[in-house]
Amino acid sequence: MARKAIPVLKQLLSKPPVPATCVNPTRSVTYMPRPGDGAPRPVTLIPGDGIGPLVTGAVEQVMEAMHAPVYFERYEVRGDMKRVPEEVIESIKKNKVCLKGGLVTPMGGGVSSLNVQLRKELDLYASLVNCFNLPGLPTRHENVDIVVIRENTEGEYAGLEHEVVPGVVESLKFCSERIAKYAFEYSYLNNRKKVTAVHKANIMKLADGLFLESCREVATKYPGIQYNEIIVDNCCMQLVSKPEQFDVMVTPNLYGNLVANTAAGIAGGTGVMPGGNVGADHAIFEQGASAGNVGNEKLLEQKKANPVALLLSSAMMLRHLQFPSFADRLETAVKQVIKEGKYRTRDLGGHSTTQEVVDAVLAALD
């Protein structure tokens, strides 16, 4: 009897461990896909425009000092290019993961956004921005911890528009059930208690009505998670008056861009909020909220670009790659720097240079 049990025991021991988040192996949507084998991973690196190389350089310094099990494949991409070079797309498809600085999007003129191109080309359908208070960084509101999950490939913001006849432009908007599934699955796996759907179905009765129908249907499969809905204009008012009422917010494309930037500003500023764009097979990590200062020449000349958001996004990337101890170490170091007042903004009696922040983080890692 004992002899027969030995092969079975060996078979069980030889199976890879099941990740702690995989509560149900039949679930198709996960926040952190694919367990890793611990080997160093290649990551595609796009430094970006303006201050992008400064902040991505900061991440490279910290990763090297941590001996993080990643190495970068660098590609130069500029926002004024007509499209993302094919070798960059192939690199991301091969590596599955990319770290990206900001890319400037030209205004008008028919030039497409490379950010949107990347999301559509790689089907990065979920944008995730985590907006939370950081001890040591004063804000008007406390107890803010909001995750904005935005549909990333459809709707007005995806550039799905065309000129029907001269002077008449039509914008296409439709809905995908998978963003609702992603939002509820993320909440389930991360012990979040409430999902709020942001919409304008009182006016956009068909398009946003379909979005709500999808959210309501998925919500029935997660009875342990509270679900509610809010019209986008009321949502913005509630965000600036009582942001602590929100937990996870799921939004169509255009509304999500506005909501994420508003929530980031409330929680401490767009320069400190991490984020990522995730699909079934690939992920790009970058500053969570809009990098409106990408082309700020003054910041570039003074070398005062804020690397905090991208450092925290890099921690998200490490967790995504199944290196949680490295992710925790990096997050802890960044938060310690802010808590101890070693990171300064204009509101805190000065403005740290990029290298000063990096040096403080490196000291906190020791």
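What you are looking at is a predicted structure, and each value in this text was computed from that prediction instead of being measured. (Residues numbered from 1 in each chain as written. Predicted model: local features only at pLDDT ≥ 70, side-chain atom pairs only at ≥ 80, totals over all residues. Heavy atoms only, no water.)

**Regarding the overall build of the chain**
Rules: Here a helix means four or more residues in a row that DSSP labels H or I, a strand means two or more in a row labelled E, and each is numbered from the N terminus. Between buried and exposed lies partly exposed: a residue is buried under 20% and exposed over 50% of the maximum accessible area for its type, with that area taken using a 1.4 Å probe on protein chains only. Note on definitions: a residue-residue contact is assigned when non-hydrogen atoms from the two residues lie within 4.5 Å. In these tables, accessible area is a Shrake-Rupley quantity obtained with a 1.4 Å probe, and a residue counts as shielded only by the protein chains included in the view.
Counting secondary structure elements, the chain contains 12 helices and 12 strands. Taken over 366 residues, the chain has a buried fraction of 50%. Within the chain, counting contacts between residues at least 6 apart in sequence, those at least 24 apart form 76% of the total. In the structure as shown, the chain presents an accessible area of about 17800 Å², 54% of it carried by carbon and sulfur atoms.

**What about helix α7 (residues 232-241)?**
Defined as follows: Arc definition: directions from the helix axis to the C-beta atoms.
Where α7 is concerned, the buried positions are Val 232, Cys 235, Gln 238 and Leu 239. For α7, the arc enclosing every buried residue in end-on projection is 115 degrees, short of the 170-degree limit, so these residues lie on one face. Looking at the buried positions of α7, the neighbouring elements they touch are β5 (145-151), β8 (194-199), β9 (226-231), β10 (248-251) and α8 (253-267).

**Section: the packing of aromatic side chains**
Note the cut-off: A pair of Phe, Tyr and Trp rings is counted when the ring centres sit within 6.5 Å of each other, with Trp represented by its six-membered ring. The angle between the planes then sorts it: under 30 degrees is stacked, over 60 is edge-to-face, the rest tilted.
Counted under the stated rule, the structure contains 5 aromatic pairs. Between Tyr 125 and Tyr 182 the ring centres are 6.1 Å apart and the planes differ by 85 degrees, which places this aromatic pair in the edge-to-face class. Taken together, the residues span a long stretch of sequence, with Tyr 125 in the loop between α4 (114-121) and β4 (126-132) and Tyr 182 in helix α5 (residues 177-189) at a distance of 57 residues. Within the aromatic cluster, the residues linked to one another by ring pairs are Phe 184, Tyr 188, Tyr 222 and Tyr 227.

**Side note on the sheet that holds strand β12 (residues 283-287)**
Put simply, the test is: The pairing criterion is simple: DSSP has to find at least two bridges between the two strands. A fitted line through C-alpha atoms represents every axis, and for helices the fit uses only the stretch in contact; the resulting angles, taken between N-to-C directions, go from 0 to 180 degrees.
The strand order across the open sheet formed by 10 strands is β2-β1-β3-β12-β11-β4-β5-β10-β8-β9, and the pairing between neighbours is mixed. Strands at the two margins of the open sheet, each flanked by one partner only, are β2 (70-74) and β9. Going from strand to strand, the sheet's axes swing by 25 degrees on average, the running direction of each strand aside. Pairing of strand β11 (residues 274-278) with β12, which is carried by 5 bridges, proceeds in the antiparallel orientation. In the sheet register, Asn 277 faces β12, and the bridge partner there is Ile 284. Of the strands in this sheet, β4, β5, β8 and β10 are in contact with α8, which crosses β5 at around 160 degrees. With respect to the sheet, helix α10 (residues 308-320) is in contact with β1 (41-46), β2, β3 (97-100), β4, β11 and β12, its orientation differing from that of β12 by roughly 160 degrees.

**Some remarks on the environment of Phe 246**
Tracing the backbone shows Phe 246 in the loop between α7 and β10. Classification of Phe 246 as buried rests on a relative accessible area of 6%. The contact partners of Phe 246, leaving out residues within four places of it in the chain, are Asp 145, Ile 146, Thr 196, Ile 230, Cys 235, Gln 238 and Leu 239.

**Some remarks on the nonpolar core**
Threshold: Here, the term nonpolar core denotes a set of buried Ala, Val, Leu, Ile, Met, Phe, Trp, Tyr and Cys residues that are joined through side-chain atoms within 4.5 Å.
Of all hydrophobic cores here, the largest spans 89 residues; its most connected members are Ile 149, Leu 239, Met 249, Leu 330 and Val 361. For this core, the element with the highest residue contribution is α10, accounting for 8 residues. Not counting chain neighbours up to four residues away, the residues in contact with Leu 239 comprise Ile 146, Phe 246, Met 249, Val 259, Thr 262, Ala 263 and Ile 266.

**Here's the deal with the pattern of salt bridges**
Selection rule: For this analysis, a salt bridge means a side-chain nitrogen from Lys or Arg found within 4 Å of a carboxyl oxygen belonging to Asp or Glu.
This structure, assessed with the given rule, holds 14 salt bridges. Across the pair Arg 119 and Glu 286 runs a salt bridge whose closest N-O atoms are separated by 4.0 Å. Here Glu 286 lies in strand β12 and Arg 119 lies in helix α4, a separation of 167 residues in the sequence. The pair Arg 119 / Glu 286 is uniform in exposure class, with both members buried. Its salt-bridge partner being Lys 200, residue Asp 233 comes within 3.0 Å of it at the nearest N-O pair. Within this pair, whereas Asp 233 is found in helix α7, its partner Lys 200 is found in the loop between β8 and α6 (207-219), the two being separated by 33 residues in sequence. Here the salt bridges do not stand alone but share partners, grouping Lys 100, Arg 119 and Glu 286 into one network.

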